[in-house]
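These are the residues of each chain, in order.
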Amino acid sequence: MLKHVSVQRRLLRALLLLAMLVSGLGFGHFSTVKAETTVTPAGEKVTAGPWEITLIEAATGDNAAGLAAGAGNANSPAENGTQYVAAHFSMHNASGQAQLVAPDDFAAVGDDGFFRRSAAIFQINPPLSGNVAAGGDIDGWVLSSVESDTKSVVIFYDSTTISGTWADHAFAITEGATFEPKTKHTVDPNQTGTDPGAPAGPGDVVATDEWSVEIVDVVTGPGVNDISPETTQRLGNNYLAAGQYAICLETWVAIQVQVTNNADDGLTRTLPQTAFLLANADGSDVLDVRMLSAPAPEVGAEYAAGASRAGWISFELPSLCEYDDVNLSYFDNLLRFQPFASSADPRYLTWGGGSPSADPTEATIDENDVLPVGTTLVVPDGDTVNLRTDPSTSGDIVAELEEGTEVEITGEPQTGDGYIWYPVTVTDSGDEGWVVAEFLAEP
């Protein structure tokens, strides 16, 4: 199912988001829809900000699909697992100035708690779109979608040009439809993944005041191409056709993350696809990363409070893509979760294992297991290990030791942050520091 937002609407929304960023109006947790409890049925007029709005009629399932198909041949069938929703509204501008309205001001939501906006290239005629003069009227259709097996369908008026939530309102598309977002944390906020040196691994739940996230699946290499949408597969097929560049597919990774709107205020939140980005070991951005069109469903969406999705993100890791060697230049397997640049609580996750525990207990050292000074160890294949100034995950990183790097133990082990650390010297470079014992192996 193809999505369409006109150039003008895209520009208008971009300008609105920029204005919010500059003015600091909550952009760090961009909320789109209030915790609405009143859902108005068809035929009843309501006041929503500057508008008086009435839902005239609505359709779902086959009836809505028929309206969508009749609107234009380019309207594709609903995607697997979804159905069209069509709604006919009349609107009266009760304010003293002109007001804009367009189909993208309306979002449909079903039982899964995900808001879906204008869903088709061609809207049903007449489309609900225009600049309405003060005291003027307009009526027209909006076309969206919800999951196919939902029992309750609601459409929200949530203007992209009116800031705040004061003008939001919900309308019942199915009889008796309700909207009841959670007003308690789904997961108690924790400190998991706050340190890039001790990231959360697969299965570790990271919980902020607004979101909870957990890596649940990882696909790497050519397998990413197999599960990706057509846009990504075209790139993969180009690599394969070029022959010598087929090795580039080995650098692809797709990561499935369970994400929940964890806030306790009942507000709907938008999570951009760029909420997860590759990070270096110190938490800084990895430059020149190609973000691929991810498998469905993508993690980016509008989440009602309490709504949860196992969505995908996908990257082509930085590499030289040489003819005979991948020659990767990125080894950290580290994601930074930060929904917006102004979000104050970034977290770090790794798809390569992470810390032994989200809340590690203090490690203990058995004197019978202590390795003697002079023991030689190596970094295992496929791993990268941080050499730190102190026996702590907060110690500065002296060097990143790649697979095969040889080190020599120079002193007694110590415990810190749930790990056993050894002081070592790197054989080739002479660098000195501390390394977690379990991240090393016998040569």
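Refer to the structure above for everything that follows.
Residues numbered from 1 in each chain as written. Predicted model: local features only at pLDDT ≥ 70, side-chain atom pairs only at ≥ 80, totals over all residues. Heavy atoms only, no water.

Participant: Where do I start with the overall build of the protein chain in this structure?
Facilitator: Per the secondary structure count, the protein chain includes 4 helices and 29 strands. Looking at the protein chain as a whole, 49% of its 443 residues qualify as buried. Contacts in the protein chain between residues at least 24 apart in sequence constitute 70% of all its contacts with a sequence separation of at least 6. By element, 48% of the accessible surface of the protein chain is carried by carbon and sulfur atoms, the whole surface being about 20300 Å². (Helix = DSSP H or I, 4+ residues; strand = E, 2+ residues; numbered from the N terminus. Buried < 20%, exposed > 50% of the residue type's maximum accessible area, 1.4 Å probe, protein only. Contact = heavy atoms within 4.5 Å. Areas by Shrake-Rupley, 256 points an atom, 1.4 Å probe, with all protein chains shown as cover.)

Participant: I tried to follow the pattern of salt bridges on my own but got confused; where do I start?
Facilitator: Pairs can form between side chains of opposite charge whenever their charged atoms are close. Overall, the coordinates contain 11 salt bridges when judged by the stated rule. Close ionic contact of Asp112 with Arg116 constitutes a salt bridge, the shortest N to O distance being 3.1 Å. Take Arg116: its relative accessible area is 17%, and that puts it in the buried class. Measuring nitrogen to oxygen at the nearest pair gives 3.7 Å for the salt bridge that ties Arg116 to Glu147. Placement of the pair is Arg116 in strand S8 (residues 114-116) and Glu147 in strand S10 (residues 137-147), with a sequence separation of 31 residues. Residue Arg116 shares its accessibility class with Glu147, and that shared class is buried. Connected through salt bridges with shared partners, the residues Asp112, Arg116 and Glu147 form a single ionic network. (Salt bridge = Lys/Arg side-chain N within 4 Å of Asp/Glu carboxyl O.)

Participant: For this particular structure, what's the right way to read the sheet that holds strand S3 (residues 45-48)?
Facilitator: Within a beta sheet, neighbouring strands are joined by backbone hydrogen bonds and run either parallel or antiparallel to one another. Ordered in space as S3-S4-S5-S10, the 4 strands form an open sheet in which the pairing is antiparallel. The sheet is open, and its two borders are formed by S3 and S10, each paired with just one other strand. Across this sheet, the average inter-strand angle for adjacent strands is 35 degrees, counted without regard to direction. Where S3 meets strand S4 (residues 51-60), 4 bridges bridge the pair, whose relative direction is antiparallel. Looking at the pairing, Val46 lines up with Ile53 of S4. Contacts from helix H2 (residues 61-71) reach S4, strand S5 (82-93) and S10 within the one sheet, and its direction differs from that of S5 by about 70 degrees. (Pairing = 2+ DSSP bridges. Axes fitted to C-alpha atoms, helices over the stretch in contact; angles between N-to-C directions.)

Participant: What is the right way to look at a negative patch on the surface in this model?
Facilitator: A cluster of acidic side chains, namely Asp282, Asp381, Glu400, Glu402 and Glu403, defines a negative patch on the protein surface. One can find Glu402 in strand S25 (residues 397-402). (Patch = residues over 30% accessible without salt bridge, like charges linked within 9 Å, V, L, I, M, F, W, Y side chains within 5 Å. Lys, Arg positive; Asp, Glu negative; His and termini not counted. Charge placed at Lys NZ, Arg CZ, Asp CG, Glu CD.)

Participant: Explanation requested: the pairing of strand S22 (residues 347-350) in the structure shown.
Facilitator: Looking along a regular strand, one sees the side chains alternate between the two faces of the sheet. Covered by surrounding structure in S22 are Arg347 and Leu349 together with Tyr348 and Thr350, the residues of both alternating faces. In terms of strand pairing, strand S21 (residues 334-337) meets S22 through 4 bridges, oriented antiparallel. Among the inter-strand pairings, Leu334 is bridged to a residue of S22, identified as Thr350.

Participant: When you look at the side chain of Gln83 in this model, what are you seeing that I'm missing?
Facilitator: Mapped onto the secondary structure, Gln83 falls in strand S5. Separated by 2.8 Å, the side chain of Gln83 and the backbone nitrogen of Gly61 make a polar contact. The residues contacting Gln83, other than those within four sequence positions of it, are Thr60, Gly61, Ala78, Ser144, Ser145, Val146, Glu147, Ser148 and Thr150. (Polar contact = N/O pair within 3.5 Å; in protein donor to acceptor, adjacent residues only side chain to side chain.)

Participant: Please explain the packing of aromatic side chains as it appears in this structure.
Facilitator: For any pair of aromatic rings, the description consists of the separation of the ring centres together with the inter-plane angle of the planes. Using the criterion set out here, one finds 10 aromatic pairs in the structure. Ring geometry for Phe89 versus Phe171: centroids 5.2 Å apart, planes at 75 degrees, classification edge-to-face. Residue Phe89 is located in strand S5, and its partner Phe171 is located in strand S12 (residues 169-172); the two are separated by 82 residues in the primary sequence. Using a relative accessible area of 0% as the deciding quantity, one classes Phe89 as buried. With 5.3 Å between their ring centres and 85 degrees between their planes, Trp211 and Tyr303 make a pair best called edge-to-face. Within this pair, whereas Trp211 is found in strand S14 (residues 211-220), its partner Tyr303 is found in strand S19 (residues 301-303), the two being separated by 92 residues in sequence. Take Trp211: its relative accessible area is 4%, and that puts it in the buried class. The cationic tip of Arg309 hangs over the ring face of Phe114; the distance from NZ or CZ to the ring centre is 4.3 Å. (Phe/Tyr/Trp six-rings, centres within 6.5 Å; stacked < 30°, edge-to-face > 60°. Lys NZ or Arg CZ within 6 Å of the ring centre and 35° of its normal.)

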